[in-house]
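Listed here are the chains, written in short residue letters.
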Amino acid sequence: MTGPAEPVTRRYAWLVFALSFGLLLSDYMSRQVLNAVFPLLKAEWLLSDAQLGSLSGIVALMVGLLTFPLSLLADRWGRVRSLVLAAVVWSLATLGCAVSASYGQMFLGRFMVGVGEAAYGSVGIAVVLSVFPAGLRATLSGAFIAGGAFGSVLGVSIGGVVAQYLGWRWTFAVMGLFGLVLAAVYGIVVTERKLAAADVGLGGAADAGWPVRTLLPRLFSSVSVLCAYVGSGLQMFIAMALLAWMPSFLDRSYGLTTAEAGLAAGVFALITGIGMIGGGMVCDRLGRGNPHLKWTVAVICSTGSLTLLTAGFQLPPGAPQLFLVGAGILLSNATAGPAAAMVVSLTPAAVAATAMATLTLANSLLGLAPGPAVTGMLADRMGLRAALQVIPLVSLVAGLAFALGRRHYDKGLVSVSAWALRKSELPT
């Protein structure tokens, strides 16, 4: 039977979303729990800030490098099988971090965490979108992406509390076991057969006959789409640097315990997620009448985060500093939704899924990987607070990229329309 003739129930669709969202939480909990125990690792192994940053950055680097090829592999081998295998890999690697005896062993464990998590974002959202009608895709995409921030909240907050009372090794053990349990449930409940019956189509099957060499250049076919990739990645640099180093900043500047710093940093991570959802909602509302305003939203978020974070980290410790930093964090990754909307509008439907994987690649290589590592290197040379005063300058470049993309947006839309017209005129 075909998918349209035998759709899945609404309850099952939401169950798929819940389980996929749960694995996304596990993904980011395993990734970000390390940040909660930075002070403990630094004291026990006498690590530099650069080494601590590398333990965080290696995960994002592997995600960036492997997202594209593993996403293509998942489409051919089976999305559910790929997701379950990925969750098992990152969970076992997280358990490996729990028994690490040195920086080198921890680095290897984190390397494997990155390998396991590489394609989850792009493949997981493809699974979710396949069981819902097209009218819900924007809402579900925003909620799914924001799940990364919420997973970070849980990872940092729970990790800080567990480390405070049971030791840092148990933080990794708890996250790894949680992932293994979810992977087992996911593999039992979500099946390739049911997904095939429910798939409402993401543009891939209809274009399977098109050569890859013909489709892939469309990912970089305009100045605007390149600017969207660059602007999004650079803003991600700011967000991830802050997410990684806020526990350490709160520990050093405010004298909080590991548990207190983890919980407080979790609040800032939650603010990041709220900003991502809010940015997408504002973008959708303003963009209905004038699509160019999507770019304007991104420019305002970039310049706003630059101003607020720079001012905040210049202040002495206290409530005014935390308020300004929190406001800057709210805007720091609010560009994620607008950037995704821009990429979708500037690439043909035939490569929409691959375009999102490319956006993930840009976010990883420009933001997730270098953000924590570069901040750590700067902290070794000038101190953590001074480093956090410098890194918001990256938002200036991001804002310029979004402004340039806005200027060339109409040309990018014309290019996409010409491609669609050419495709429709070809014989089927």
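Draft legend 1. Representation of the packing of helix 4 (residues 79–98) against helix 8 (residues 168–189) within the structure. Running from N to C, helix 4 and helix 8 point in directions that differ by 165°, and their axes come no closer than 7 Å. In terms of their interaxial angle, helix 4 and helix 8 are classed as roughly antiparallel. When you trace helix 4 past helix 8, the crossing you get is left-handed. When helix 4 is examined against helix 8, the residues Val80, Leu83, Val84, Ala87, Val88, Ser91, Leu92, Thr94, Leu95, Cys97 and Ala98 are found in contact with a partner set consisting of Trp168, Arg169, Phe172, Ala173, Met175, Gly176, Leu177, Gly179, Leu180, Ala183, Tyr186 and Gly187. Considering only residue class, the contact of helix 4 with helix 8 consists of 17 nonpolar, five polar and one charged.

Draft legend 2. Here's a closer look at unusual backbone geometry. The backbone phi angle of Leu46 is positive, close to 55°, even though this residue is not glycine. In this fold, Leu46 is placed in the loop between helix 2 (38–45) and helix 3 (49–77). The exposure class assigned to Leu46 is exposed, which follows from its relative accessible area of 73%.

Draft legend 3. Spatial organisation of the nonpolar core. Counting 82 residues, the largest nonpolar core has Leu41, Phe172, Tyr186 and Met246 as the members making the most contacts within it. Setting aside residues no more than four positions away along its own chain, Tyr186 makes contact with Leu19, Ser20, Leu23, Val80, Leu83, Val84 and Val127.

Draft legend 4. Highlighting the packing of aromatic side chains. Applying the stated criterion to the full structure yields ten aromatic pairs. Between Phe38 and Trp245, the aromatic rings sit 5.1 Å apart at their centres with planes inclined by 50°, giving tilted as the arrangement. Of this pair, Phe38 sits in helix 2 while Trp245 sits in helix 11 (residues 223–254), placing them 207 residues apart in sequence. On the basis of relative accessibility, which here comes to 1%, the residue Phe38 falls in the buried class.

Draft legend 5. Spotlight on the side chain of Gln321. Among the secondary structure elements, Gln321 is positioned in helix 14 (residues 319–332). Residues contacting Gln321, with those up to four places away along its chain left out, are Phe249, Tyr254, Gly312, Phe313, Leu315, Pro316 and Arg385.

Cut-off values and rules
Residues numbered from 1 in each chain as written. Predicted model: local features only at pLDDT ≥ 70, side-chain atom pairs only at ≥ 80, totals over all residues. Heavy atoms only, no water. Axes fitted to C-alpha atoms, helices over the stretch in contact; angles between N-to-C directions. Helix = DSSP H or I, 4+ residues; strand = E, 2+ residues; numbered from the N terminus. Parallel < 35°, antiparallel > 145°, perpendicular 65-115°, else oblique. Left-handed = near helix turned anticlockwise from the far one by under 90°. Contact = heavy atoms within 4.5 Å. Nonpolar A, V, L, I, M, F, W, Y, C, P; charged D, E, K, R; others polar. Buried < 20%, exposed > 50% of the residue type's maximum accessible area, 1.4 Å probe, protein only. Core = buried A, V, L, I, M, F, W, Y, C linked by side-chain atoms within 4.5 Å. Phe/Tyr/Trp six-rings, centres within 6.5 Å; stacked < 30°, edge-to-face > 60°.

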